[in-house]
Amino acid sequence: MKIATWNINSVRLRIDLVKRFLTTIGDIDVLCLQEIKCRDDQFPAKALKAAGYIHQAVSGQKGYHGVAIVSRLPLRDVERRAFAGKDEARHIAATLPGGLRVHNFYVPAGGDEPDPKVNEKFAHKLAFMRDMSAWAKSACDAGARTVLVGDLNIAPREHDVWSHRQLLDVVSHTTAEVALMDKAIAAGKWTDVARQVIPEPEKVYTWWSYRAHDWRASNRGRRLDHVWVSPSLKNAALSGGRAHFVVHTECRGWDRPSDHVPVTLKLAS
DNA sequence: ATGGTGGGTACCCCA
């Protein structure tokens, strides 16, 4: 079972990149998308069906946000949840055959000013993370086989950013956000698969700003996209010591790319 | 210290 997650930054504009990714990487059963930036009826359902992803769960909205799960395997019990009291399309969940539940999140970016008193967007991001903790505590029972993926817009560890020192006051790497992400991980007893497979101090990035002359040369990246698994899947990404978690950095170098790259998780099944 | 680019949308929001 191979699952991918990708903040596509407009699925209509980049549907050809999605198809290229699915064919190039191959073997992907489930693709979770964030920032589809379209309404449900504008989602490129036909193109993805033609590519074999005939099972689709979409939570779109006009212009902003929006998440979707497309799959070669049937999806059931589709759920769209509102967090932090805002009815925005930032979460969708579905269950795969065999009972594997997939939660796809797009956490608010949080604006520029890292002060919840003056920046409502940052306050919203912190509230969203608190709500995510409360949800994880109640929704994630110990025996469930659950995967949580998405653009969580937080790079928690020192080596998840190009410069820990220079980003300490930059939204995405502040101590307030990281503390809340750690709480959410603890609340759901999640395993952060990227860091299980690629321990620090190795750098891991999934996002590079558009505002760089040469993203590869400057390499000022951040790990904003995450894959968490529930306790019963703790070792599912490791089989015989071999890692099955991959960051597809090459996609950032494609023509008209998203600023995020896809990551894949292969679960032993 | 600053500003850089790229989406959707409708003359400006957001990342």
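### A look at the overall build of chain A
No. 1: Within chain A one finds seven helices and 16 strands.
No. 2: In summary, chain A has a C-alpha radius of gyration of 17 Å against a globular reference of 18 Å for 269 residues, a match within 12%.
No. 3: With the C-alpha coordinates of chain A rotated into their principal frame, the extents come out at 45 × 45 × 40 Å.
No. 4: Looking at chain A as a whole, 54% of its 269 residues qualify as buried.

### Comments concerning the packing of aromatic side chains
No. 1: Applying the stated rule across the entire model yields nine aromatic pairs.
No. 2: Centre to centre, the rings of phenylalanine 83 and tryptophan 135 are 6.0 Å apart; their planes meet at 80 degrees, and the pair counts as edge-to-face. One end of the pair, phenylalanine 83, is in the loop between strand S5 (76-79) and strand S6 (91-95); the other, tryptophan 135, is in helix H3 (residues 120-139), with 52 residues separating them in the sequence.
No. 3: Relative to phenylalanine 128, the ring of phenylalanine 105 has its centre 6.4 Å away and its plane inclined at 85 degrees; by these criteria the two rings are edge-to-face.

### Observations regarding H3
No. 1: In a regular helix each residue adds 1.5 Å, so 20 residues correspond to 28 Å; H3 covers 27 Å between its end C-alpha atoms and thus fits that length.
No. 2: Within the span of H3, buried status applies to Phe122, His124, Lys125, Leu126, Phe128, Met129, Met132, Ser133, Trp135 and Ala136.
No. 3: Backbone nitrogen of lysine 121 and a side-chain oxygen of the N-cap are separated by 2.9 Å at the start of H3; the cap is asparagine 119.

### Thoughts on the protein's contact with DNA strand B
No. 1: Taken together, the neighbourhood of DNA strand B is formed by 14 residues, with Ser10, Leu13, Arg14, Arg211 and Arg256 sitting nearest.
No. 2: Considering the 4 Å shell around the protein, atoms of DNA strand B inside it are sugar or phosphate in 63% of instances.
No. 3: Lysine 121 places a polar side-chain atom, nitrogen or oxygen, 3.5 Å from a phosphate oxygen of DNA strand B.
No. 4: The backbone of tyrosine 210 places a nitrogen or oxygen atom 3.3 Å from a sugar or linking oxygen of DNA strand B.
No. 5: Among the residues forming the surface near DNA strand B, the class breakdown is five nonpolar, two polar and seven charged.

### Remarks on the side chain of threonine 206
No. 1: The residue threonine 206 is located in the loop between helix H6 (193-197) and strand S10 (207-208) in this model.
No. 2: Its relative accessible area of 1% is what places threonine 206 among the buried residues.
No. 3: Of note is the side chain of threonine 206, whose polar atom sits 2.6 Å from the side chain of aspartate 225.
No. 4: For threonine 206, the residues in contact, after removing those within four places along its chain, are Arg222, Arg223, Leu224, Asp225, Val247, Asp259, His260, Val261 and Val263.

### Section: helix H5 (residues 175-188)
No. 1: The terminal C-alpha atoms of H5 lie 20 Å apart, and with 14 residues this matches the ideal 20 Å at 1.5 Å per residue to within 8%.
No. 2: Regarding H5, the residues found buried are Glu177, Val178, Leu180, Met181, Ala184, Ile185, Ala187 and Gly188.
No. 3: Those residues of H5 that are buried are in contact with H3 and strand S12 (225-229).
No. 4: One or two steps after H5, the chain reaches lysine 189, where phi turns positive at roughly 50 degrees.

### Regarding the environment of glutamate 158
No. 1: On the secondary structure map, glutamate 158 appears in the loop between strand S8 (146-151) and helix H4 (164-167).
No. 2: Assessed through its relative accessible area of 41%, glutamate 158 is described here as partly exposed.
No. 3: Separated by 10 residues in the primary sequence, glutamate 158 and leucine 168 place their C-alpha atoms 9.5 Å from one another.
No. 4: Excluding residues within four positions of it along the chain, glutamate 158 makes contact with His164, His173, Glu200 and Lys203.

### Observations concerning the pattern of salt bridges
No. 1: What the rule picks out here adds up to 15 salt bridges.
No. 2: Here arginine 81 makes a salt bridge to glutamate 79, at a shortest N to O gap of 3.2 Å.
No. 3: By relative accessible area, which is 22% here, glutamate 79 ends up partly exposed.

### Side note on the environment of leucine 267
No. 1: The topology assignment puts leucine 267 in the segment after strand S16 (263-266).
No. 2: Separated by 172 residues in sequence, leucine 267 and threonine 95 place their C-alpha atoms 15 Å apart.
No. 3: In this structure leucine 267 touches Met1, Ile3, Leu100, Val147, Ala236 and Ala237, once residues within four positions along its chain are discounted.

### Observations regarding the sheet that holds S5
No. 1: Read across the sheet, six strands follow the order S5-S6-S7-S8-S12-S9 without closing on themselves; strand pairing throughout is mixed. Both outer strands of the open sheet, S5 and strand S9 (191-192), are each paired with one neighbouring strand and no more.
No. 2: In this structure, S6 lies alongside strand S7 (residues 101-106), joined through five bridges in antiparallel fashion. Residue pairing for S7: isoleucine 92 is matched across the bridge by asparagine 104.
No. 3: Of the strands in this sheet, S7, S8 and S12 are in contact with H3, which crosses S7 at around 170 degrees.

How each quantity is defined
- Residues numbered from 1 in each chain as written.
- Chains lettered and ligands numbered in written order.
- Predicted model: local features only at pLDDT ≥ 70, side-chain atom pairs only at ≥ 80, totals over all residues.
- Heavy atoms only, no water.
- Helix = DSSP H or I, 4+ residues; strand = E, 2+ residues; numbered from the N terminus.
- Rg over C-alpha atoms; globule rule 2.2 N^0.38 Å.
- Buried < 20%, exposed > 50% of the residue type's maximum accessible area, 1.4 Å probe, protein only.
- Phe/Tyr/Trp six-rings, centres within 6.5 Å; stacked < 30°, edge-to-face > 60°.
- Expected span 1.5 Å × (residues − 1).
- Polar contact = N/O pair within 3.5 Å; in protein donor to acceptor, adjacent residues only side chain to side chain.
- Near = heavy atom within 4 Å.
- Nonpolar A, V, L, I, M, F, W, Y, C, P; charged D, E, K, R; others polar.
- Contact = heavy atoms within 4.5 Å.
- Salt bridge = Lys/Arg side-chain N within 4 Å of Asp/Glu carboxyl O.
- Pairing = 2+ DSSP bridges.
- Axes fitted to C-alpha atoms, helices over the stretch in contact; angles between N-to-C directions.

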